[in-house]
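Observations on chain architecture
Each chain, letter by letter, is given below.
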Amino acid sequence: SDAESEDSAEKEERNNLLSQLEVEEKRIKTISESRKLLPVFAYRDELMSAIKENQALIIVGETGSGKTTQLPQYLVEDGYTQGTKFQIGVTQPRRVAAMSVASRVSDEMNVILGQEVGYSIRFDDKTTANKTILKYMTDGMLLREFLIDPLLSKYACIMIDEAHERTLATDILLGLLKNIMEKRTELKLLISSATVNAKKFSKFFNDCPIFNVPGRRFPVDIHYTLQPEGNYINAAVTTVFQIHTTQSLDGDVLLFLTGQEEIENTREKIEEIALKLGNRIPQLLITPIYANLPQEQQADIFQKTPENCRKIVLATNIAETSLTIDGIKYVIDPGFVKENSYVPSTGMTQLLTVPCSRASVDQRAGRAGRVGPGKCFRLFTKHSYENDLEAMPRPEIVRTNLSNTVLLLLSLGITDLLHFPFLDKPHISTLTKSLENLYILGALNSKGQITELGKMMCEFPCEPEFAKVLHSAATHPQCNGVLDQCLSIVSMLHETTSIFVGNKKEATSHIVSDIDSDHMLYLTIYEEWRAANYSRTWCQDHRIQFKTLLRVRNIRNQLARCCDKLGLTKRNQAAIVQQAGHDNVMVGKITKSLISGFPLNVVKLTPSGYQTIGKAKGGLLVNLHPSSVIFQNQKEKGKKLDKYILYQQLMLTSKEFIRDCIPIQNEKWLFEIVPQVFNGIKGK
Ligand code: ADP
Ligand code: MG
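A quick note: this is a predicted structure, and the numbers were derived from the prediction, not measured. (Residues numbered from 1 in each chain as written. Chains lettered and ligands numbered in written order. Predicted model: local features only at pLDDT ≥ 70, side-chain atom pairs only at ≥ 80, totals over all residues.)

Right, let's talk about the overall build of the protein for a bit. The secondary structure content of the protein amounts to 26 helices and 21 strands. Against the 2.2 N^0.38 benchmark of 26 Å for 684 residues, the protein shows a C-alpha radius of gyration of 27 Å, consistent with a compact globule. In terms of overall dimensions, the protein has a C-alpha envelope of 80 × 80 × 65 Å along the principal axes. By residue count, 43% of the 684 residues in the protein fall in the buried class. Considering only residue pairs separated by 6 or more positions, the protein has 73% of its internal contacts joining residues 24 or more positions apart. (Helix = DSSP H or I, 4+ residues; strand = E, 2+ residues; numbered from the N terminus. Rg over C-alpha atoms; globule rule 2.2 N^0.38 Å. Buried ≥ 20, exposed ≤ 12 C-beta atoms within 10 Å, placed from the backbone. Contact = placed C-beta atoms within 7 Å.)

Structural data, given as structure tokens:
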């Protein structure tokens, strides 16, 4: 009968619900059990009383012991946030780590990410006011919070994680925190670090105690190559297959590479070979992880390896200490890392691939010994390990441009830079150069004091150079009226994941044939997409990554909001005459805005090629990157060489390359916009 069948339907539904609840209960139980298995758990009480008794505490422990995911939860459990009154902030040097760890911890606490547990990275704030009590963030974001709340009064505890990485932002944070500790006596400060550097941190914070969490670690067999490798990528690929074909399947492989491009190329090579070998070898699951990997794909590295399959993780330095992937038994280490390197005499920053330090390669090897005895294959010689490698990596503060930092410190009212508590003092020449740069940008006056424009630049969630571009585009009498266009360009330049599906050249040939610069290409893409109502189909038709453009739109919205707030949008509107496509006048204005922000990123055509405009003993010879529109125009369409080019990025790989370039149509613009730098050109 009807009643009966209804009854049984109800019953079935109830049973379904019950079994779902059971599964969920089991999941929570497994999570809470696995939490208890982590090494820090055994020290929970001891740790918490050490935190109670000390304002600052250094925490040292093997990677993967639970520092990042567990300690902040203990603090929450012990009531440090007093309900939702205070927050616990945990900084990470890398955005991927901040996102990934926050997501893990929200799972462990069984809450929705972005509610009680959230993260905050540039252009992406996943927290809720009055609700989020545990916040993972990049060190740079906490640094910016000092501008709004110099005593960090909403935080009960701050954990500076991965302090041994010694990023610029972390170093500055430590100095600022040292300054406020006396005023915020109830603030707890935890500094977690790999073993290296712990003493140095302790000394910096008045000899505060060091808490050591003993970890588990199995022995790792280290193998070296007998001769130096000419091509470490090929050597790495060969090693992957040697492991895969000779070692039992119950151990995954972690290969350290230097960046996205290298990871993608290597992935292709491995896949090609695997395809050729077909079912003569067991299956491979290749999972990349790098800073700009789209968020959707980040969780893949934590996927459980399927049966009869081996996982190959291709990672940058991020897997050295920030993220722990369970199940790794083999580490392949070519021994290289990408590093920013700044040369104050020329004012140029280069991204260089350099050998790792001994501390780094030892840390990498350790990643093989977490689940059981492991093996590490170093693609360099033992002699090189013992004699060539530096003992420790160089802190970023001694090898990077300090303009942002100096501007931030000045706007916090810290004018005596020489007496700021730096863990390692930056070079005086770098500080001087930063002051000079900021003066050229108009952020400082001739007395070295911060100007209104300088304060405005600090408000922008982007580098002062880009802020200056936007400011000029809205207000400079020679270029105003192009704020809308510059907002799109600047946002496109900020999104570092690839915009194109596949090869840029192929993709761009569909879009427009007659474009002179990368900047105008980006602008055209953005505007056409906007005109197509931000549609997904438009992206598919034009071989553009839809998700990337969505992120660009999000960045653009935030920058635009900032312009509104600062009154720039209004001032720009007053200057708009009329917009008829991208005519020469408009391109000129855009170029001039860019010059105002990046006057030092200009190269000049000389008989031997393009050369940077260094003041000291001539410039550096550079090449146009083959991906640049200008390169294609010159090499393939035989266009006349431009006399001056402005670039956004200088890279040193096999050659010096400049990327993201725009020609400067009229050299007069240089001294008209930045006479301080280009007065010399005028007379010629
Ligand atoms: P530490 O900070 O001491 O290096 P973590 O707290 O990062 O250690 O990691 C503790 C454990 O949590 C590790 O075993 C790691 O594999 C696990 N873990 C962290 N993030 C995730 C994740 N997203 N998915 C699955 N396991 C994770
Ligand atoms: Mg950690």
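A separate point is the UniProt feature "domain: Helicase ATP-binding" (unreviewed entry) in the protein. The positions UniProt marks with the feature "domain: Helicase ATP-binding" (unreviewed entry) are residues 48–214. The span residues 48–214 shows a helical share of 37% and a strand share of 25%, and its end C-alpha atoms are spaced 16 Å apart. (UniProt positions renumbered as here; feature names shortened; annotations may be inferred.)

A separate point is the packing of helix H5 (residues 139–148) against helix H6 (residues 168–180). The interhelical angle for the contact between H5 and H6, taken along N-to-C directions, is 40 degrees, at an axis separation of 9 Å. Here H6 runs oblique to H5, going by the angle between their axes. The handedness of the crossing between H5 and H6 comes out as left-handed. Residues Asp139, Gly140, Leu142, Leu143 and Phe146 of H5 pack against Ala169, Thr170, Ile172, Leu173 and Leu176 of H6. (Axes fitted to C-alpha atoms, helices over the stretch in contact; angles between N-to-C directions. Parallel < 35°, antiparallel > 145°, perpendicular 65-115°, else oblique. Left-handed = near helix turned anticlockwise from the far one by under 90°.)

Let us look at the packing of helix H17 (residues 483–494) against helix H23 (residues 584–597). Where H17 contacts H23, the axes come no closer than 10 Å and their chain directions differ by 55 degrees. As summarised for this structure, H17 and H23 are arranged oblique, according to the angle between their axes. At the point where H17 passes H23, the crossing takes the right-handed sense. For the pair formed by H17 and H23, the contact residues are Gln485, Cys486 and Ile489 on the first element and Met586, Ile590 and Ser593 on the second. Of the residues belonging to the contact of H17 with H23, the class tally is 4 nonpolar, 2 polar and no charged. (Nonpolar A, V, L, I, M, F, W, Y, C, P; charged D, E, K, R; others polar.)

Now for the site of ligand 1. Around ligand 1, 16 residues are found, and the nearest of them are Lys67, Thr68, Thr69, Arg104 and Phe302. If you list the elements that add at least two residues to the shell around ligand 1, you get helix H3 (67–77) and helix H4 (95–108). With 4 residues, the single largest contributor to the shell around ligand 1 is H3. (Near = placed C-beta within 6 Å.)

The subject of this paragraph is the environment of Ser384. The topology assignment puts Ser384 in helix H12 (residues 382–387). In this view, Ser384 contacts Pro228 and Leu389; residues no more than four positions away in its chain are not counted.

Here we come to the sheet that holds strand E9 (residues 220–223). In space, the 6 strands of this open sheet follow the order E9-E16-E13-E10-E12-E11, with parallel pairing throughout. Every interior strand has two partners, whereas the edge strands, E9 and strand E11 (283–289), have only one. Neighbouring strand axes in the sheet, compared pairwise and without regard to direction, differ in orientation by 20 degrees on average. Bridging between E11 and strand E12 (residues 309–315) involves 7 bridges; their strand directions are parallel. When the sheet's bridge partners are listed, Thr287 is paired in E12 with Val313. Contacting E11 and E12, helix H9 (residues 260–277) runs over the sheet at an angle of about 175 degrees to E11. (Pairing = 2+ DSSP bridges.)

The subject of this paragraph is the sheet that holds strand E7 (residues 188–193). Sheet architecture is open: 8 strands sit in the order E4-E3-E5-E2-E6-E7-E1-E8, paired in mixed fashion. Bordering the open sheet on either side are strand E4 (124–126) and strand E8 (210–213), each of which pairs with just one other strand. Taking each pair of neighbouring strands and ignoring which way they run, the sheet shows an average axis angle of 20 degrees. Relative to E4, strand E3 (residues 117–121) runs antiparallel, the two being bridged by 3 bridges. Of the residues in E4, the one forming a bridge with Ser120 is Asp125. Lying over the sheet, H4 contacts strand E2 (87–92), E3 and strand E5 (134–138), oriented at roughly 170 degrees with respect to E3. Here H6 sits on the sheet and contacts E2, strand E6 (155–160) and E7; the angle it forms with E6, its principal contact strand, is near 140 degrees.

With that settled, the discussion passes to unusual backbone geometry. Look at Asn110: it is not a glycine, yet its phi comes out positive at around 60 degrees. Counting through the fold element by element, Asn110 comes out in the loop between H4 and E3. Assessed through the 12 C-beta atoms surrounding it within 10 Å, Asn110 is described here as exposed. Phi is positive for Phe123, which is not a glycine, with a value near 70 degrees. Inspection of the secondary structure assignment puts Phe123 in the loop between E3 and E4. C-beta crowding within 10 Å serves as the criterion here: with 18 such atoms nearby, Phe123 is assigned to the partly exposed category.

Further remarks concern the confidence of the model for the protein. When the pLDDT values of the protein are averaged, the result is 90; 95% of them are 70 or greater. Across the interface, the model reports ipTM at 0.98; the global pTM reads 0.87. (pLDDT = per-residue confidence, 0-100.)

Let's shift gears to helix H24 (residues 629–636). Looking at H24, one finds that the buried residues are Val629, Ile630 and Asn633. The arc that holds the buried residues of H24, viewed along the axis, is 100 degrees, so those residues lie on one side. Turned more than 90 degrees away from the buried face of H24 sit Lys635 and Glu636, all of them exposed. Residues of H24 that are buried sit in contact with helix H19 (518–531), strand E19 (621–624), strand E20 (644–652) and strand E21 (656–663). Following H24 by one or two positions, Gly638 has its phi on the positive side, about 65 degrees. (Arc of directions from axis to C-beta.)

As a further point, take the pairing of E19. With 2 bridges connecting them, strand E18 (residues 609–612) and E19 associate as antiparallel partners. In the strand pairing of E19, Gln611 is matched with Leu621. For E19 and E21, the ladder comprises 2 bridges, and the chain directions are parallel. Opposite Asn623, over in E21, you have Phe657 as the bridge partner.

Quick look at H6 now. Here H6 spans 19 Å end to end across 13 residues, near enough to the 18 Å set by a 1.5 Å rise per residue. Buried within H6 are the following residues: Leu168, Ala169, Thr170, Asp171, Ile172, Leu173, Leu174, Leu176 and Leu177. On its buried face, H6 is in contact with E2, H5, E6, E7, helix H7 (198–204) and helix H13 (403–411). (Expected span 1.5 Å × (residues − 1).)

What follows concerns the environment of Thr324. By the secondary structure assignment, Thr324 is in the loop between E12 and strand E13 (328–333). A residue is classified by how many C-beta atoms lie within 10 Å of it, and Thr324, with 17 of them, is partly exposed. Along the sequence, Thr324 and Leu113 sit 211 residues apart, while their C-alpha atoms lie 20 Å from each other. If we ignore the near neighbours within four places in the chain, the residues touching Thr324 are Thr63 and Gly64.

With respect to the helices, strands and loops of the structure, Leu487 is situated in helix H17. Residue class for Leu487 comes out buried when judged on the 26 C-beta atoms lying within 10 Å of it. Expressed as a C-alpha distance, the spacing of Leu487 and Leu559, which sit 72 residues apart in the sequence, is 7.1 Å. Dropping the residues within four chain positions of it, Leu487 is found in contact with Leu470, Arg556, Leu559 and Ala560.

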